[in-house]
Amino acid sequence: MQSRFTSALFAALLTLLLGSLLLGVTMVSEGIDLVLELSEPHKIYGLIIGAALVFIIQYFKQEVGAVTTRLRGDGSFEMPAFIRTPKQQRLWGFMAVGALLIFPFVSSRGAVDIATLTLIYVMLGLGLNIVVGLAGLLDLGYVGFYAVGAYSYALLNFYFGLSFWVALPIAGLLAALFGFILGFPVLRLRGDYLAIVTLGFGEIIRILLNNWTDLTGGPNGIARIPKPDLFGLEFNRRASEGGQTFHEFFGIPYSSEYKVIFLYLLAFALVLLTLYVINRLIRMPIGRAWEALREDEIACRALGLNPTVIKLTAFTIGASFAGFAGSFFAARQGFISPESFTFIESAIILAIVVLGGMGSQLGIILAAMAMTILPEMAREFDEYRMLLFGLMMVLMMIWRPQGLLPMKRPHLELKRD
Amino acid sequence: MTNLLEVKDLTMRFGGLLAVNGVSLSVKEKQIVSVIGPNGAGKTTVFNCISGFYIPTGGDVVFQGRPMQGKPGHLIAREGMVRTFQNVRLFKEMTVIENLLVAQHMHAEHNLLKGFFLTPGYRKKEKELMDRAAHWLDRVGLLEFANREAGNLAYGQQRRLEIARCMVTEPKLLMLDEPAAGLNPNETKELDELIMHLRDDHGVSVMLIEHDMGLVMGISDHIVVINQGAPLASGTPAEIQANPDVIKAYLGED
């Protein structure tokens, strides 16, 4: 009891001490001198409340611990009763798809915009999940492939006038090629070392884009990237030379909302395609081999699986999804610069994979929604919003280290003879 | 009868340490050969050299008349020489049946497009894999655990699953590194029966590293004794039991 009180008091005093240096005093310039003054009262009060909170949490640590262990559960997760059988799951899946298809027509333009952004992150999360969640290769430079995809479309359009639909597969292939190239030097690396090299790779791509001014426009980026068209129908107010616009073709008045809705539906289609492809992949021999590689590389070799090939396919296929997402991103923004592809993007995508529960696709979708929608909703907290964001991640990792929805093993029916 | 595996003058040097020094042995078809020796004698190193996990410093490894030394492990495994490890190396977070499906990677359909569109050929291949997996699960008595995560099985079951995982690859030579380690006498007896059954009914040759002398003497056709990296003796179980050098190496001089 005694030590409990002292340690809690100590923690609270420590908080007060550190906090008062950061928040409690401000530097004011008086003439040429800087003097320290006490901050405004509300900051002081905040500080005291914070220290009190630390004291209470430390004092009741055991009780708090008991609650968190209960929240954590035993790691298993059961779907609610009404979505347990495959048939019910399919039904709910179709209903979700239907709802998401209707969504852009009934909500505001801003909401559709955020939803489109969320879909891009879903695609990125699903792609990175192949490398990190399934093959177990920690990749901190995934944003590099995203950049390759975005710049592929932007540059191919700028120099050769290729349309989005032609550039999309090329962007995917180019990103896959870069994934393959990255795969080679890191074949022998695992864990921390792999993470550092991939981190470097992501930075190399960004710095290259920043400095190769002749080709990429450097920090100024590339502007006026055309939006995708629908079978040749453009979504602009006025048609480009020889083109036709959507609203003229259907004889309806122009509205900029059509473009936003079209982009959303396009992203949605890309996500559905990604989901289908990855769902098939993980049930195919290659997907099983990825997971086996994550579990035990030596056992893989002893069974005749070639770890080199498995790693390269994971990097290549994972990167190609970033390429698709990147070219869509370029088309949606209309402007890209190396600034969009900094390390923090890699970190966010990785956080989506980890928060969602490694390997779990539904978890990743939920995490991507949380990571894009929550910061938008918390806008009124302005600079504290990133703090909240960090706090949320810390708490998640304490309470549910296995992620929102940990991956469920597929159940395979055996013929009994 | 021809030799399935022929190892001559195998040498492995780690810097200044000569871990294996001139070991020779041969395995004939449908033979059970055991490698025994005190702890640290270099038995596992011999295994690692033969199975391609180390590149031997010298010597020849010939499997089915073809040289194997210097080949990477996964290619040697594909030739039909499959091994287990001292510590269980299952894919722990995957289910029992998935472990067996991964092991059949070489027999699987690899064309991605066929997989995407679930062509009849692809479905047939996958069904073959499932059937072979089910067959072997039944053989080792794990069929009811097919959808359980491998890491959640009891230790003895994990050992049996590891052997089943090797067998689905349809090997010619099965190399078991201390398969009885950590098993109780009952489980060891079951393992004994399983190995005999694999040899008699499935025609595989078995190479065994084992400390359980009861098991070794009971099932081996031939025994190779290694001490401090060098070959000490080889012969039938009866010959080995009577060999004074072997007794000295195991029990020390009096």
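Just so we're clear, the structure is a prediction, and the values are computed from it rather than from any experiment.

Secondary structure assignment for chain B yields ten helices and ten strands. Its C-alpha atoms give chain B a radius of gyration of 19 Å, within 12% of the compact-globule value 18 Å for 254 residues. Sorting the 254 residues of chain B into buried and exposed places 43% on the buried side. Of the contacts made within chain B by residues no fewer than 6 positions apart, 66% connect residues no fewer than 24 positions apart.

Parsing chain A into structural domains produces domain 1 (2–72) and domain 2 (86–399). Distance from the C-alpha centre of domain 1 of chain A to the C-alpha centre of domain 2 of chain A: 40 Å.

Our focus in this paragraph is unusual backbone geometry. Residue and element names in this part refer to chain B. Positioned with a positive phi, Q64 is a non-glycine residue whose angle comes to about 50°. Structurally, Q64 can be placed in the loop between β4 (58–63) and β5 (66–67). For Q64, a count of 16 C-beta atoms within 10 Å puts it in the partly exposed group. Unlike most non-glycine residues, E170 shows phi in positive territory, near 55°. Mapped onto the elements, E170 comes out in the loop between α6 (155–167) and β7 (173–177). Overall, the presence of 14 C-beta atoms within 10 Å leaves E170 in the partly exposed class.

Before going further, it helps to examine the environment of M130(B). In this structure, M130(B) sits in helix α5 (residues 120–139). Residue M130(B) is classed as partly exposed on the basis of its 19 C-beta neighbours within 10 Å. Leaving out residues up to four positions away in the same chain, M130(B) has contacts with L412(A) and L414(A).

Residue-level contacts link 22 residues of chain A with 32 residues of chain B. Sorting the residues of the side of chain A that touches chain B by element identifies α12 (285–295) and α13 (297–302) of chain A as the ones contributing at least two each. Among the elements that line the side of chain A that touches chain B, the one with the most residues is α12(A), at six residues. Among the residues making up the side of chain A that touches chain B, the classes are represented as eleven nonpolar, three polar and eight charged.

Residue and element names in this part refer to chain B. One open sheet holds the four strands; their spatial order is β2-β1-β4-β5, and the pairing between them is antiparallel. Single-partner strands in this sheet number two, and they are β2 (17–28) and β5. Bridging between β4 and β5 involves two bridges; their strand directions are antiparallel. Within β5, the residue paired with F63 across the bridge is R66.

Residue and element names in this part refer to chain A. Counting 164 residues, the largest nonpolar core has M123, Y146 and A325 as the members making the most contacts within it. Per element, the largest residue contribution to this core is 14 residues, and it comes from helix α5 (residues 109–134). Residues in contact with M123, not counting those within four places in the same chain, are L270, V271, T274, F321, F324 and A325.

A few words now on the pairing of strand β3 (residues 32–36) of chain B. Each regular strand shows side chains that alternate between the opposite faces of the sheet. Residue and element names in this part refer to chain B. Burial analysis of β3 places five of its five residues in the buried class, the great majority of the element. The two faces of β3 match: I32, S34 and I36 on one face and V33 and V35 on the other face are all buried. Note that β3 and strand β8 (residues 205–209) share four bridges and pair parallel. Counterpart to S34 in the pairing with β8 is L208. Bridge count between β3 and strand β9 (residues 222–227): four bridges; the pairing is parallel. From the neighbouring strand, I36 faces β9, where its bridge partner is V225.

Okay, the domain arrangement of chain B next. Residues and elements named next belong to chain B. Along its sequence, chain B is carved into domain 1 (1–80 + 172–254) and domain 2 (95–170). Using only C-alpha atoms to locate each centre, domain 1 and domain 2 end up separated by 27 Å. Across the contact, eight residues belong to domain 1 and eight residues belong to domain 2. Of all the elements, helix α7 (residues 185–202) adds the most residues to the side of domain 1 that touches domain 2, at three residues. For the side of domain 1 that touches domain 2, the residue count by class is five nonpolar, one polar and two charged.

Residue and element names in this part refer to chain B. Strand order across the open sheet formed by six strands is β6-β7-β8-β3-β9-β10, with mixed pairing between neighbours. Every other strand in the sheet has two partners, leaving β6 (81–83) and β10 (230–235) as the edge strands with one partner each. Adjacent strand axes in the sheet meet at a mean angle of 15°, parallel and antiparallel pairs treated alike. Two strands pair when backbone bridges link them, and β6 and β7 are joined in this way by three bridges, in the parallel orientation. When the sheet's bridge partners are listed, M81 is paired in β7 with L173.

The rules behind the values
- Residues numbered from 1 in each chain as written.
- Chains lettered and ligands numbered in written order.
- Predicted model: local features only at pLDDT ≥ 70, side-chain atom pairs only at ≥ 80, totals over all residues.
- Helix = DSSP H or I, 4+ residues; strand = E, 2+ residues; numbered from the N terminus.
- Rg over C-alpha atoms; globule rule 2.2 N^0.38 Å.
- Buried ≥ 20, exposed ≤ 12 C-beta atoms within 10 Å, placed from the backbone.
- Contact = placed C-beta atoms within 7 Å.
- Domains from an automatic or database assignment.
- Nonpolar A, V, L, I, M, F, W, Y, C, P; charged D, E, K, R; others polar.
- Pairing = 2+ DSSP bridges.
- Core = buried A, V, L, I, M, F, W, Y, C linked by C-beta atoms within 7 Å.
- Axes fitted to C-alpha atoms, helices over the stretch in contact; angles between N-to-C directions.

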